[in-house]
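Residue-level structural notes
Single-letter residue listing:
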Amino acid sequence: MSDSSLEQAVRERGISRRSFLKFCAVMAGTLALSSSYGTRIAKALAAPKRTPLVWLEFQDCAGNTEALLRSSRPTVGEIVLDVLSVDYHETIMAAAGTQAEKSKKDAIAAGGYLLVVEGSIPTADGGVYCTIGGRTAMDILSEAAANAIAVVAIGSCAAFGGLPKANPNPTGAKSVMELVTNKPVINLPGCPCNAVNLTATVVHFLTFGELPKMDSQNRPLFAYGARIHDNCPRRGHFDRGEFVRAWDDDGHRKGWCLYQMGCKGPVTFHNCPAVGYNDNTSWPIKAGHGCIACSEAGFWELGLYNKAKLQEFAPPSTYAPVQMPVQSLSPTTTAIVGGAAGLAVGAAGAAAYIQLSKPDKMEVPESAQAEKK
Ligand code: SF4
């Protein structure tokens, strides 16, 4: 597999060229590129190339690896990741012990690879809380980052420290970007990271030879550029003051807004409303639970059922008054009215993934396409 192009890999797996081209169009839409970039992506992915990948795991639950492996069917996205030659991934590789260590050593010596890091890195007491093969995670990360093209911090633990870094942080856990300062680092937070966003990041890298545009926290804008609240299907209920007040109450059964139950959608940037999880089967708010802000730094400190602090949703004077439900609301609640819509990115991603799940259609709707800024 490693010496073949993606196009060959697709054929070997019995996936039609039509599906391959559709995938490229979908990736263009997901990356907020115009439809013309679908052709460019197809051309780039069809070229023979072999980009090695070294995947390290430190203080983590392997949830990101699991999310990547637990797709219900082989997709072109999975094949994209297959075309990246996974030279070292201690969780899924067949080799073990000294053989595995040799694979890693050889890959690092050859250089030119993408380094994916899952989990935070303990730094307290000399880093003794995570050692592999007798070496600390700090030491292994430093060595592996030295020859990498770029580093992908996958999941919230690698991106921001995650649960290990939550107070009182007994292991002195740090994120990848706190320790790797001499290489480009891209953060793909989430608990777990959505495999779709890893695939799109890889496609962007293979197509353009660089990482996608990022925000101030090193998150790619295509996936973390829009607030969940602005694309949430329950947003209309927020704007009307229709809130779930208790699990399984009437509002919960009607699909009303989960803000009163601790939803952090108003302070969370992620494309969940557009791409969902598990082949877009569902995502927390769709399943009836509030967002826990898993793509934001320090989300463990927010309090799962504490209400998010709303600072950007003061009611504009031009808005109509909040529609009061039959039950009375608290003064705080009645002051909550939605801000700007910001639906474009979510609509693009949603349309793109709806397309991906339908084998008969190739085109990404015009409404789902936006020029790359
Ligand atoms: S508070 Fe949560 S459930 Fe309500 S509209 Fe915002 S994101 Fe959706």
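Quick notes on the rules
Counting of residues starts from 1 at the beginning of each chain's written sequence and follows it residue by residue. Note on the predicted model: pLDDT of at least 70 is required for a residue's local features to be given, and 80 or more for side-chain atom pairs to be given and counted; whole-chain, interface and lining totals, by contrast, use all residues. For the side-chain quantities, the full set of heavy atoms in the structure was used; hydrogens and water were omitted. We define a salt bridge as a side-chain nitrogen of Lys or Arg found within 4 Å of a carboxyl oxygen belonging to Asp or Glu. Buried means the residue's accessible area, taken with a 1.4 Å probe over protein chains only, is under 20% of the maximum for its type, while exposed means over 50%, and partly exposed covers the values in between. Numbering goes from the N terminus for both helices and strands, where a helix is a DSSP run of H or I of at least four residues and a strand is a run of E of at least two. Two strands pair if DSSP finds at least two bridges between them. A score from 0 to 100, pLDDT tells how confident the predictor is in each residue. Here, residues are in contact when the closest pair of their heavy atoms is within 4.5 Å. Near is defined per residue: the residue qualifies when any heavy atom it owns lies within 4 Å of the molecule or strand. Buriedness of a pocket was judged along seven lines, with at least five required to meet protein on both sides within 12 Å; pockets are open sets of points on a 1 Å grid over the protein atoms alone, cavities are sets where a 1.4 Å probe fits but cannot get out, and lining residues have an atom within 4 Å of a point. Each molecule is checked against the cavity or pocket grid, and it sits inside if more than half of its atoms lie within 2 Å of the grid points. Under the convention adopted here, Pro, Cys and the residues Ala, Val, Leu, Ile, Met, Phe, Trp and Tyr are nonpolar, Asp, Glu, Lys and Arg are charged, and Gly plus all remaining residues are polar. Axis geometry follows a simple rule: fit a line to the C-alpha atoms, using only the stretch in contact for helices, then measure angles between N-to-C directions, giving values from 0 to 180 degrees. Grid points are joined across faces, edges and corners, and a volume is the space filled by probe spheres set on the points.

1. A closer look at the pattern of salt bridges
Taken as a whole and assessed by the stated rule, the structure comprises 13 salt bridges. With a shortest N-O distance of 3.1 Å, Asp 139 and Arg 135 are connected by a salt bridge. On the basis of relative accessible area, Arg 135 is assigned to the partly exposed category, the value being 25%. Between Arg 219 and Asp 215 there is a salt bridge, with the nearest N and O atoms lying 2.9 Å from each other. Here Arg 219 matches Asp 215 in class, with each residue buried. In this structure, a network of salt bridges that share partners links the residues Arg 227, Asp 230, Arg 235 and Asp 239.

2. Considering the pairing of strand β3 (residues 113-118)
By the criterion of burial, β3 is predominantly enclosed, with six of the six residues buried. Burial of the side chains of β3 extends over both faces: Tyr 113, Leu 115 and Val 117 are buried on one face and Leu 114, Val 116 and Glu 118 on the other. Across five bridges, strand β1 (residues 52-57) lies against β3 in parallel orientation. Bridging from a neighbouring strand, Trp 55 pairs with Val 116 of β3. As paired elements, β3 and strand β7 (residues 148-154) share six bridges and run parallel to each other. Bridging across to β7, Tyr 113 finds its partner in Ala 148.

3. What about the confidence of the model for the protein?
Across the protein, the average pLDDT comes to 81, with 79% of residues at or above 70. In the predicted structure, residues 314-349 sits below a pLDDT of 50 and forms 52 contacts with residues beyond four places in sequence or in another chain. In the predicted structure, residues 353-373 sits below a pLDDT of 50 and forms 47 contacts with residues beyond four places in sequence or in another chain.

4. Section: the site of the ligand
Taken together, 13 residues lie around the ligand, and His 229, Cys 232, Cys 257, Leu 258 and Cys 263 are the ones closest in. Here the ligand is seated within the largest cavity. By residue class, the composition of the shell around the ligand is nine nonpolar, two polar and two charged.

5. Describing the sheet that holds β7
Reading across from one edge, β2-β1-β3-β7-β9 is the order of the five strands in this open sheet, with parallel pairing throughout. The open sheet has two edge strands, β2 (85-89) and β9 (185-188), and neither has a second partner. Going from strand to strand, the sheet's axes swing by 20° on average, the running direction of each strand aside. Contacting β1, β3 and β7, helix α7 (residues 137-146) crosses the sheet at an angle of about 155° to β3.

6. Quick word on empty space enclosed by the protein
Gaps left between atoms show up when a probe the size of a water molecule is rolled over them. Tallied over the entire structure, the rule returns three cavities of 30 Å³ or more. Of the pockets and cavities examined, the largest cavity occupies roughly 100 Å³. Contributing to the lining of the largest cavity are 13 residues, with His 229, Cys 232, Cys 257, Cys 263 and Ile 285 lying nearest its centre. Of all the elements in the fold, those that place two or more residues in the lining of the largest cavity are α13 (228-231) and α14 (235-240). Partitioning the lining of the largest cavity into residue classes produces nine nonpolar, two polar and two charged.

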